[in-house]
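# Examination of the molecular architecture
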Amino acid sequence: AYGYRYKDLDRRVEQAHNELRRFHDLLSEANLLMGPAVKDYAKAIEKVQEALLVYPAQKDALILLENAQKKLRIRNLLDKARYHLGQKEFRYEDALKTVNDALAIEPENGEALELKGALEKKTVEWLMHQVASLQAEKRITSAIKQIVEVSRSVSLSQEVRLLLAGLEDKESHARKAYQN
């Protein structure tokens, strides 16, 4: 009976050691999957969840899980923003909102900041094209409204501010000429 106890204790110690090794291996895999070379956050989440089955509520694993979920949310938001950016009918409001949602999660995310810059540049290009079309149609008031609407969500470049000032000046002259 005495030898049986030691065998049982040895078996349990070995089992605990194996579980601990498995737990650490799963977290190591998750960390590799989240690294800059792979960035497979969905698989990393799976690995951490599997590790939590071995040791539920382990603090390091929960922190890693939360981080992987955050990174996955950001990746999904940026993919959605890129989709909006690439559409033939450019939807700057949707793309900008999506990028801003990603930045709300992680304000210093370089990829999101870079995408926001590209989005603002494309928005200004799109706006200039829209305004040129409206000017050609002598719809200056509509052009001004278009610029003002876009300026609510995108910081305007100096070029666009000058265009707006020029349009407002033309509209003012047109009103004065109409009143006389």
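Above: the structure in question.
Described below are features of the structure shown in this document. Owing to the predicted nature of the structure, the values given are computational and were not obtained by experimental measurement.

### Let's talk about the overall build of the chain
Tallying secondary structure elements over the chain gives 7 helices and 0 strands in all. Ordering the α and β elements of the chain from the N terminus gives α-α-α-α-α-α-α. Contacts spanning at least 24 positions in sequence make up 59% of the contacts within the chain whose residues lie at least 6 apart. Surface accessibility of the chain: about 12,100 Å² in total, with carbon and sulfur atoms responsible for 53%.

### Digging into unusual backbone geometry
A positive phi is found at K39, a non-glycine position, where the angle reads about 55°. Along the polypeptide, K39 turns up in the loop between α1 (2-34) and α2 (41-54). Given a relative accessible area of 31%, K39 falls into the partly exposed group. At A57, a residue that is not glycine, the phi angle is positive and equals roughly 65°. Mapped onto the fold, A57 is located in the loop between α2 and α3 (59-86).

### Comments concerning the packing of α3 against helix α4 (residues 92-105)
Two elements in contact, α3 and α4, have axes separated by 8 Å at closest approach and are oriented at 165°. On the basis of the axis angle, α3 is roughly antiparallel to α4. The hand of the α3/α4 crossing is left-handed. Contacts between α3 and α4 involve K70, R73, I74, L77, L78, K80, A81, H84 and L85 on the former and, on the latter, D94, A95, T98, V99, D101, A102 and I105. The residue inventory of the contact of α3 with α4, partitioned by class, reads 9 nonpolar, 2 polar and 5 charged.

### As for the side chain of N109
Note that N109 resides in the loop between α4 and α5 (110-136). On the accessibility criterion, N109 (10% relative accessible area) is buried. Of the polar contacts made by the side chain of N109, one reaches the backbone nitrogen of E111; its length is 3.1 Å.

### Side note on the environment of L52
One can find L52 in helix α2. Residue L52 is classed as buried on the basis of its relative accessible area, which comes to 12%. The residues contacting L52, other than those within four sequence positions of it, are A57, Q58, A61, L62 and L65.

### A few points about the nonpolar core
Judged by nonpolar contacts, the single largest core of 16 residues is most densely connected at L27, M34, A44, V48, A61 and L64. Of all elements in the fold, only α1, α2 and α3 reach the threshold of two or more residues within this core. If we ignore the near neighbours within four places in the chain, the residues touching M34 are K39, Y41, A44, L64, N67, A68 and K71. Of all hydrophobic cores here, the second largest spans 13 residues; its members include I74, A81, L96 and A102.

Procedures and definitions
Residues numbered from 1 in each chain as written. Predicted model: local features only at pLDDT ≥ 70, side-chain atom pairs only at ≥ 80, totals over all residues. Heavy atoms only, no water. Helix = DSSP H or I, 4+ residues; strand = E, 2+ residues; numbered from the N terminus. Contact = heavy atoms within 4.5 Å. Areas by Shrake-Rupley, 256 points an atom, 1.4 Å probe, with all protein chains shown as cover. Buried < 20%, exposed > 50% of the residue type's maximum accessible area, 1.4 Å probe, protein only. Axes fitted to C-alpha atoms, helices over the stretch in contact; angles between N-to-C directions. Parallel < 35°, antiparallel > 145°, perpendicular 65-115°, else oblique. Left-handed = near helix turned anticlockwise from the far one by under 90°. Nonpolar A, V, L, I, M, F, W, Y, C, P; charged D, E, K, R; others polar. Polar contact = N/O pair within 3.5 Å; in protein donor to acceptor, adjacent residues only side chain to side chain. Core = buried A, V, L, I, M, F, W, Y, C linked by side-chain atoms within 4.5 Å.

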